[in-house]
Amino acid sequence: MSPAEAAAPSPSPALLAVEGVTKRFAGVTALSDVSLEVRPGEILGLLGENGAGKSTLLKILSGVMPPSSGRIVFDGVEFNPHNPQDAKRLGIVTIYQELSLIPTLTVAENIFIGRAPLGPLGLVSWRKMEEDSRAIIARVGLDLDPTTPVSALSVAEQQLVEIARALSLKSRLIIMDEPTSALTETEVQKLMSIMGRLRKDGVAIMFVTHRLEEASAICDRMTVLRDGRLAGHLDRDGGPIKLPKIIEKMVGRAASELYARPTLRDVAGDVRLSVRGLRTVRDPQAPHAIVLEGVDLDLKAGEILGVAGLVGSGRTELARAIFGADRIAAGTITLDGKTIAPETPADAIALGIGLVPEDRKHQAIFAALGILTNFSIAALGRYSNAAGFMAERREREALASYRKTLSIRMASPEQPIEGLSGGNQQKVILARWLARDPKVLIVDEPTRGVDVGAKAEVHQILVQLAARGIAIMMISSELPEVLAVSDRIVTMRRGRITGEMPGIEATEEKLMELMALDQTQEATQ
Amino acid sequence: MTSTTEQTQRGGINVARLLMSFGPLMFLALLIVVFTVLKPSFIDPINIFNIMRQISITGLIALGMTFVILTAGIDLSVGSLLAFCGMVAAVVAKGGTANTLSLSTSGTQGFGWFAALLAAVVVGAMAGGVQGFAITRLKVPPFVVTLGGLTVFRGLTLTISNGGPISGFDASMRWFGTGLIGPVPVPAIIFAAAAILCHIVLRYTRYGRAVYAVGGNAEAARLSGLRVDRILISVYVIVGFFAGLAAFVLSARLNSSEAVAGIGYELTVISAVVIGGTSLFGGIGSVGGTVVGAALIGVLQNGLQFNNVSSYTQSIVIGLILILAVAFDRWLKSRVRR
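Residues numbered from 1 in each chain as written. Chains lettered and ligands numbered in written order. Predicted model: local features only at pLDDT ≥ 70, side-chain atom pairs only at ≥ 80, totals over all residues.

Caption draft 1: Molecular detail of the overall build of chain B. In terms of helices and strands, chain B carries 13 helices and four strands. Per-residue burial over chain B gives 50% buried out of 338 residues. Excluding contacts between residues fewer than 6 apart, the proportion of contacts in chain B whose partners are at least 24 apart in sequence is 80%. (Helix = DSSP H or I, 4+ residues; strand = E, 2+ residues; numbered from the N terminus. Buried ≥ 20, exposed ≤ 12 C-beta atoms within 10 Å, placed from the backbone. Contact = placed C-beta atoms within 7 Å.)

Caption draft 2: Main features of the overall build of chain A. Looking only at helices and strands, chain A has 18 helices and 20 strands in total. When the 525 residues of chain A are sorted by exposure, 46% land in the buried category. Within chain A, residue pairs in contact and separated by at least 24 positions form 70% of the contacts whose partners lie at least 6 positions apart.

Caption draft 3: Layout of the packing of helix α4 (residues 112-136) of chain B against helix α5 (residues 142-161) of chain B. All names here are of chain B. Running from amino to carboxyl end, α4 crosses α5 at an angle of 145°, the nearest separation of the two axes being 9 Å. Note on packing geometry: the crossing formed by α4 with α5 is right-handed. Residue-level inspection shows Ala127, Gln131, Ala134 and Ile135 of α4 in contact with α5, the latter providing Pro142, Val145, Thr146, Gly149 and Phe153. (Axes fitted to C-alpha atoms, helices over the stretch in contact; angles between N-to-C directions. Left-handed = near helix turned anticlockwise from the far one by under 90°.)

Caption draft 4: Region of interest: the interface of chain B and chain A. Contacts between the two partners involve 23 residues from chain B and, on the opposite side, 26 residues from chain A. It is helix α8 (residues 206-216) of chain B that provides the largest number of residues to the side of chain B that touches chain A, a total of seven residues. Looking at side-chain class alone, the side of chain B that touches chain A contains nine nonpolar, eight polar and six charged residues. (Nonpolar A, V, L, I, M, F, W, Y, C, P; charged D, E, K, R; others polar.)

Caption draft 5: Up close: the sheet that holds strand β6 (residues 92-95) of chain A. All names here are of chain A. Taken together, six strands build an open sheet; the order of strands is β6-β7-β8-β3-β9-β10 and the sheet is mixed. Pairing within the sheet leaves two strands with one partner each, and these edge strands are β6 and β10 (229-235). Each strand axis lies, on average, 20° off the axis of its neighbour in the sheet, ignoring direction. Of the strand pairs in this sheet, strand β3 (residues 43-47) and strand β9 (residues 221-226) are connected by four bridges, and their pairing is parallel. Looking across to β9, one finds that Leu47 is bridged to Val224. (Pairing = 2+ DSSP bridges.)

Caption draft 6: How the structure looks around helix α7 (residues 185-200) of chain A. Residues and elements named next belong to chain A. Spanning 16 residues, α7 covers 23 Å between terminal C-alpha atoms, matching the ideal 22 Å at 1.5 Å per step. Listing the buried residues of α7 in full gives Glu187, Val188, Leu191, Met195 and Leu198. Taken end-on, α7 shows its buried residues confined to a sector of 100°, consistent with a single buried face. What points out from α7, more than 90 degrees from its buried face, is the exposed set Ser193, Gly196 and Lys200. On its buried face, α7 sits against β3, α6 (155-168), β8 (204-208) and α8 (212-218). Downstream of α7 by a residue or two, Gly202 has a phi angle that is positive, lying close to 95°. (Expected span 1.5 Å × (residues − 1). Arc of directions from axis to C-beta.)

Caption draft 7: Highlighting the nonpolar core. Ile472(A), Ile61(B), Leu82(B), Ala89(B), Ala120(B), Val239(B) and Ala246(B) are the most contacted members of the largest nonpolar core, which totals 182 residues. The element best represented in this core is helix α10 (residues 228-254) of chain B, accounting for 19 residues. If we skip the residues at most four places from it in the chain, Leu82(B) touches Ile61(B), Ala243(B), Ala246(B), Ala247(B), Leu250(B), Ala261(B), Gly262(B) and Tyr265(B). (Core = buried A, V, L, I, M, F, W, Y, C linked by C-beta atoms within 7 Å.)

Caption draft 8: Representation of the sheet that holds strand β17 (residues 440-444) of chain A within the structure. Residues and elements named next belong to chain A. If you trace the six strands from one edge of the open sheet to the other, you get β16-β17-β18-β13-β19-β20, paired in mixed fashion. Two strands bound the open sheet, and with one partner strand each, they are β16 (353-356) and β20 (496-502). Adjacent strand axes in the sheet meet at a mean angle of 20° when their direction is disregarded. Bridge count between strand β13 (residues 304-308) and strand β19 (residues 488-493): four bridges; the pairing is parallel. Paired with Val307 across the strands is Val490, a residue of β19. On top of the sheet, helix α16 (residues 452-467) reaches β13, β17 and β18 (471-476); it is set at about 155° to β18, its chief contact.

Caption draft 9: Region of interest: the domain arrangement of chain A. Under the domain assignment used here, chain A contains domain 1 (3-251) and domain 2 (271-524). Using only C-alpha atoms to locate each centre, domain 1 of chain A and domain 2 of chain A end up separated by 33 Å. (Domains from an automatic or database assignment.)

Caption draft 10: Spatial organisation of the pairing of β19(A). All names here are of chain A. Within β19, five of the six residues are buried, which leaves it mostly tucked inside the rest of the structure. Two strands pair when backbone bridges link them, and β19 and β20 are joined in this way by six bridges, in the antiparallel orientation. Paired with Ile489 across the strands is Met501, a residue of β20. Hairpin connection between β19 and β20: a loop of two residues separates the two successive antiparallel strands, and Arg494 in this loop has a positive phi of roughly 45°.

Caption draft 11: Quick peek at the packing of helix α3 (residues 78-94) of chain B against helix α11 (residues 265-275) of chain B. All names here are of chain B. It is the contact of α3 with α11, at a shortest axis distance of 7 Å, that shows an interaxial angle of 120°. With respect to their mutual orientation, α3 and α11 come out oblique. Across the interface between the two elements, Val78, Gly79 and Leu82 from α3 touch Tyr265, Glu266 and Val269 from α11. Among the residues making up the contact of α3 with α11, the classes are represented as four nonpolar, one polar and one charged. (Parallel < 35°, antiparallel > 145°, perpendicular 65-115°, else oblique.)

Now the structure itself:
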């Protein structure tokens, strides 16, 4: 694998130059006069809120669609891919959030898909394919049998396989779209170090991300988009690029308004929800899934309890168990002093529990359906009469009032929800539960895929709901978020609660220690 | 609607939106115009009512199928189920499997049309319920369950009837297939009433919302507190009910229940639903679309026949129209999205 190394030594100016690229759709300008450069052997961060134009730019660069005007130069030649295959052949590979591996095929088959090495009779040479694959995945630090089916790999491993495949295609620019969003802390560290190694090999990387800390840690330079325009370029100047600077470029206002700590609220409510010795069953179908190993927890009326934990700590499993979405093996749950045993979400909802799930697209929204249906679906009984007919006027009035109080930006109640930004979708999902007046609301990663600006709004909404007496359990992997809104914080690790402290006393360092101690020890073994 | 004037973005999108909801309807209108120009007698009320009578059988089943496809399901068993329900209705109507046309006047052992109707729809609904149960509890995909059903119900039909037809019903039963109310055929009225009822259920009731939600995203529906399994079972009960109703009307019209009735109906029915704009992936579609889809197929069949196009060629044309209709729908949607 020498071509990448051979290309590295000559300090060429720019591998990729985007010059004044504009993209219009049916009169809407998604991207306006954007220019940027990526040089060999550097990591460029591409940042911006949702709707800033990042995905449009990625689609243009990966050959999904052409720009309306402007020019792209790749390796000194005008770059006009007609389709994604073209772009790949020319040396630009894009790795999307939703991975493009075929789960039923093996690692080797995926790497060599469409170009399997052939033996003398023109038949596939499986041995050569395996040997070559082993060498290719070793380059990204993967040590596994290439005949393993991809479905048996973790998300992080799959991602590395994609990167390995890109390298084997002799890609010179790898675009990574939110590669870390599904990874644990250790996996992120590993990915970062591989990105660093590729940089040394002279590969150019464009790193598209929401996670500012990570971008700051690894990027040499950053290009920030805002509302389809270039908001500016940032350079690593001695040290890493500072977060407030990035945020200011992204939102066009100072970062101090975001993540403001709330004043300590007086939470004197009674215990609403109490969990004792909660355990879940190990599913033989998913042996690696996290199980709860005896969780004790109290949640008071009017408080926001932050649950901090890394991916795989069991935080989502805890939420699902309380909500009746997963089966419970042992333990008790009491709500307002009464023991409850919800067997389905419908049971939990009837008891006054709501859940805003972690994966909005797959678990919460009905993408193609209108906002009105998305809003009222959990409260159909409240917006219909005894004969089962919808009371549409009441339903619409309710939506209109939430639209105002939660400032949901939408065109009409009939608009399909997929047309809304992540933040507005999340507000509709919050409204869905508010329509039921829940006693307990569990929110899992409430601001995932939500713009920086709308995050603060979602936090504000949660605080207001708590003030109305709702007991809120907020699960999040973003510590600044946990710190910003929680009255009390518990940490989880491997299906257990590992610590608890008042929000006012917590710091990122303290929480991180409780969340990750065990895992970092393991990683060093 | 004829907004050729504005070139604003908004206007452009609205025209596409309009086309999207009325595309099949406009295509239907176009076909009627073409056939009328080719042969003016096509538009005669007699012929129009004839078409309405023709589409009412598959149309009734298509109404039920709309519910199923909205949940991203499919029911391939409807043709066989129709034959089975028809046979059950015949047995009840005549009080046995005797195949005598002359018996109708002195049919003393029979239980009358109402019992026959009731038997057909109850058996249809129960058969649908069993299939729905297999789909939700045994976790067998709808395609497989109803493919099995297709064979099972045909076999049951042949078993009861010994392979032959059961014919000769009394006049009160035949009225449901051949009668007129004013100038309008009774089957057409039954179809229209059922369509309106289905439209109201899907558009204005809690249950209708739930059907769309389950089809739109079953996991989100479950996490929103819907009893997804019950809703899934219910749509197969509904399509079974309509297969039973269609069977009754068909038997009444032909004055006979044939063991080979309804072969291939599942394809016509699914075509009508899909041409009408209901997505096979669930969550999107309407009863209005299905009615238009059924009418489109009916007009096409009748119009081609009217112009002496052979039935072989008819199949080719209808198949191509199905593909084109879906391609057109896709194309429109991709335009709107962009």
